Amino acid sequence: MTAKTEIEIIENAPASSCCGGSTCGTDSADAAAEGAVTTVYQVAGMTCGHCEGAISTEVSAIAGVTSVQAVAATGLVTVVSEAPLDEAAVRDAVDEAGYELVGKA
């Protein structure tokens, strides 16, 4: 007995992301914020999700910060703020979390 499977391919308009929308995983209001400054920092000592959370919590407390994404695998912390941040304030926040700010990536 032979089974035959046919797959119908439906052509859609090209999507701009994996889920078909341009704001997948992002808040469109944050993405469109005018004057927002994005800075990427290198942080030493992150090894897990707990580390990411600790750094995100401390850096998020800095006035003007609108979002923080810490990635332990790369040691990178991406900070979006309303204006450029004082690096000493970021260093203090990272230090308070128990890690070391190496500098801007």
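Undergrad: What is the right way to read the packing of helix H2 (residues 49-60) against helix H3 (residues 87-97) from this model?
TA: In a packed pair of helices, the relevant descriptors are the angle between the two axes and the axis-to-axis distance. As a packed pair, H2 and H3 sit with axes 8 Å apart at the nearest point and diverge in direction by 140 degrees. It follows that H2 is oblique to H3 by the angle criterion. In this structure, H2 crosses over H3, and the sense of that crossing is right-handed. Residue-level contacts link Ala54, Ile55, Glu58 and Val59 of H2 to Ala93, Val94, Glu96 and Ala97 of H3. Along the lines of polarity and charge, the residues of the contact of H2 with H3 split into six nonpolar, no polar and two charged.

Undergrad: Help me out: how do you make sense of the pattern of salt bridges in this one?
TA: Oppositely charged side chains can pair when the atoms bearing their charge come close. Counted according to the given criterion, the structure contains one salt bridge. Put simply, Glu87 and Arg91 hold a salt bridge, and the shortest N to O gap is 3.2 Å. Of this pair, Glu87 and Arg91 both sit in helix H3, four residues apart, which is roughly one turn of that helix. A relative accessible area of 26% places Glu87 in the partly exposed class.

Undergrad: What's the story with the sheet that holds strand E1 (residues 37-44) in this structure? I'm lost.
TA: Think of a sheet as strands paired side by side through backbone hydrogen bonds, with each pair either parallel or antiparallel. Spatially, four strands are ordered E2-E3-E1-E4 in an open sheet, and the strand pairing comes out antiparallel. Looking at which strands have only one partner, the edges of the open sheet turn out to be strand E2 (65-71) and strand E4 (100-104). Each adjacent strand pair in this sheet contributes to an overall mean axis angle of 25 degrees, direction not counted. With respect to the sheet, H3 is in contact with E1 and E4, its orientation differing from that of E4 by roughly 150 degrees.

Undergrad: What should I look at first to understand the nonpolar core in this one?
TA: Proteins that are soluble and globular tend to have nonpolar side chains buried together. Counting residues in hydrophobic clusters, the biggest one holds 20 residues, and the most contacted among them are Val43, Met46, Ile55, Val59, Val77 and Tyr99. Only E1, H2, E2, strand E3 (76-81) and H3 provide two or more residues apiece to this core. No other element matches the four residues that H3 contributes to this core. The residues touching Val77, leaving out its near neighbours within four places in the chain, are Thr39, Val40, Tyr41, Val43, Met46, Ile55, Val68, Gln69 and Ala70.

Procedures and definitions
- Residues numbered from 1 in each chain as written.
- Predicted model: local features only at pLDDT ≥ 70, side-chain atom pairs only at ≥ 80, totals over all residues.
- Heavy atoms only, no water.
- Axes fitted to C-alpha atoms, helices over the stretch in contact; angles between N-to-C directions.
- Helix = DSSP H or I, 4+ residues; strand = E, 2+ residues; numbered from the N terminus.
- Parallel < 35°, antiparallel > 145°, perpendicular 65-115°, else oblique.
- Left-handed = near helix turned anticlockwise from the far one by under 90°.
- Contact = heavy atoms within 4.5 Å.
- Nonpolar A, V, L, I, M, F, W, Y, C, P; charged D, E, K, R; others polar.
- Salt bridge = Lys/Arg side-chain N within 4 Å of Asp/Glu carboxyl O.
- Buried < 20%, exposed > 50% of the residue type's maximum accessible area, 1.4 Å probe, protein only.
- Pairing = 2+ DSSP bridges.
- Core = buried A, V, L, I, M, F, W, Y, C linked by side-chain atoms within 4.5 Å.

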